[in-house]
Amino acid sequence: MANLTCPNCDAEMQKNEDADMTTDECASCGGVFLQRGELNALATGMSGDIEYCSVTSGFVESTLPARACPGCGHEPMEKINLLRLSDLIFDYCPECGGFFLNKDEIEQMNEELRRLAPDQKAQEYRGHHDGHLVRIDRTSDIYATDYLGWGRAKTRGFIRVSAFFREPMPPGIRVFHERWPIRLTKGLGLFWGQDILTGDKRFDSEFRVQGENPESVARYLDPAARAALLSFVRIGPSILGKQGSLEVTSSAVVYVEGPYDPNSPEDVVGRAGRIIELLVNIANKVEAIPE
Ligand SMILES: [Zn+2]
Ligand SMILES: [Zn+2]
């Protein structure tokens with residue numbers, strides 16, 4: 001693909017081929033264009049689909065200059081506020097799902113996410129399996145050991161293993177199975193569409209399926225994809241012998257396990273092999289849509 005033109009300063013952007021993703025960067029002003037899914041892949045320490053959550057919290061009015069999308073030419077890009085919680089405003093393209101970030105905003109985003117989950121450790125692992133980017137992060141959650149208001153905040157850790165799709169699905173699809181009643185997407189003010197039934201009784205009793213478009217959900221959740229998801233639940237794999245929950249977002253298949261003591265030095269990556277294998281299998285089945 002030809003080099004893109006920076007929407008901020010009109011310089012020619014350069015392809016930056018990282019080990020696992022190609023981004024377009026402007027050497028002149030430091031701006032970066034991220035295709036759909038890449039912002040999630042660069043975010044550390046937060047569960048859930050940050051792109052989707054940020055976009056569905058609405059576009060914001062801004063006096064910042066309007067920009068055209070360097071990826072697809074759509075004009076103007078919309079301004080969105082990262083998770084509606086921070087001061088960071090990004091340009092978002094509703095046409096191709098890309099984001100344009102100014103210099104240093106990836107670092108600022110991860111600082112914001114660290115502020116939201118202060119004890120999180122760095123990303124543990126990043127690698128390619130069967131063409132899928134797989135990441136393992138430790139994320140943390142704060143809770144109060146509250147007793148009549150005299151509690152103190154404690155932190156519990158979670159392990160998140162994500163297998164990203166090669167091609168993200170259309171936004172607004174979510175499939176999840178929860179073994180424990182903790183909302184992983186805590187406090188993000190999510191809007192999720194209606195529950196959708198696939199008509200497969202066994203599947204519908206194990207998983208909740210939500211989406212804006214029942215037809216496209218049905219295409220991704222074909223019998224092979226449903227079987228892969230059900231077999232994960234039946235096997236009930238674990239990394240540290242804790243409980244886990246499985247979720248399919250439009251960008252990745254995500255397994256979260258916990259809680260465990262975030263300060264204990266566990267060999268999370270060494271024990272995650274089986275989980276990675278199963279998640280990659282699910283990702284392969286979900287993204288293979290029959291014509
Ligand atoms: Zn530039
Ligand atoms: Zn675009």
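Above this text you will find the structure in question.
About the thresholds
- Sequence order sets the numbering: in each chain, residues are counted from 1 along the sequence as written.
- Lettering for chains starts from A, numbering for ligands starts from 1, and both go in the order in which the items are written.
- Reporting in this predicted model follows two pLDDT cut-offs: at least 70 for local features of residues, and 80 or more for side-chain atom pairs to be given and counted; totals over whole chains, interfaces and linings ignore these cut-offs and use all residues.
- Working from all heavy atoms in the structure, the side-chain values ignore hydrogens and water.
- Under the DSSP-based scheme used, a helix requires at least four consecutive residues in state H or I and a strand at least two consecutive residues in state E, with every element numbered from the N terminus.
- In this scheme, a residue with accessible area under 20% of its type's maximum is buried, one over 50% is exposed, and one in between is partly exposed, where area comes from a 1.4 Å probe on protein chains only.
- Between two residues, a contact is recorded if the distance between any of their heavy atoms is within 4.5 Å.
- Working definition of accessibility: Shrake-Rupley area with a 1.4 Å probe, residue cover restricted to the visible protein chains.
- The term salt bridge refers to a pairing of a side-chain nitrogen on Lys or Arg with a carboxyl oxygen on Asp or Glu at a separation within 4 Å.

Caption draft 1: The arrangement of the overall build of the chain in detail. Regarding its fold elements, the chain presents eight helices and 13 strands. Sorting the 291 residues of the chain into buried and exposed places 50% on the buried side. In the chain, the share of contacts with a sequence separation of at least 24, taken over all contacts with a separation of at least 6, comes to 59%. When the accessible surface of the chain is split by element, carbon and sulfur atoms take 48% of a total near 13,900 Å².

Caption draft 2: Structural view of the pattern of salt bridges. Counting across every chain of the model gives 12 salt bridges. K79 is paired through a salt bridge with D91; the nearest N and O atoms lie 2.6 Å apart. Here the residue K79 occupies a position in strand β4 (residues 78-81), and D91 occupies one in strand β5 (residues 89-92), the gap between them amounting to 12 residues. Overall, D91 belongs to the buried group, its relative accessible area being 3%. Members of the salt-bridge network, linked through shared partners, are R67, K79 and D91.

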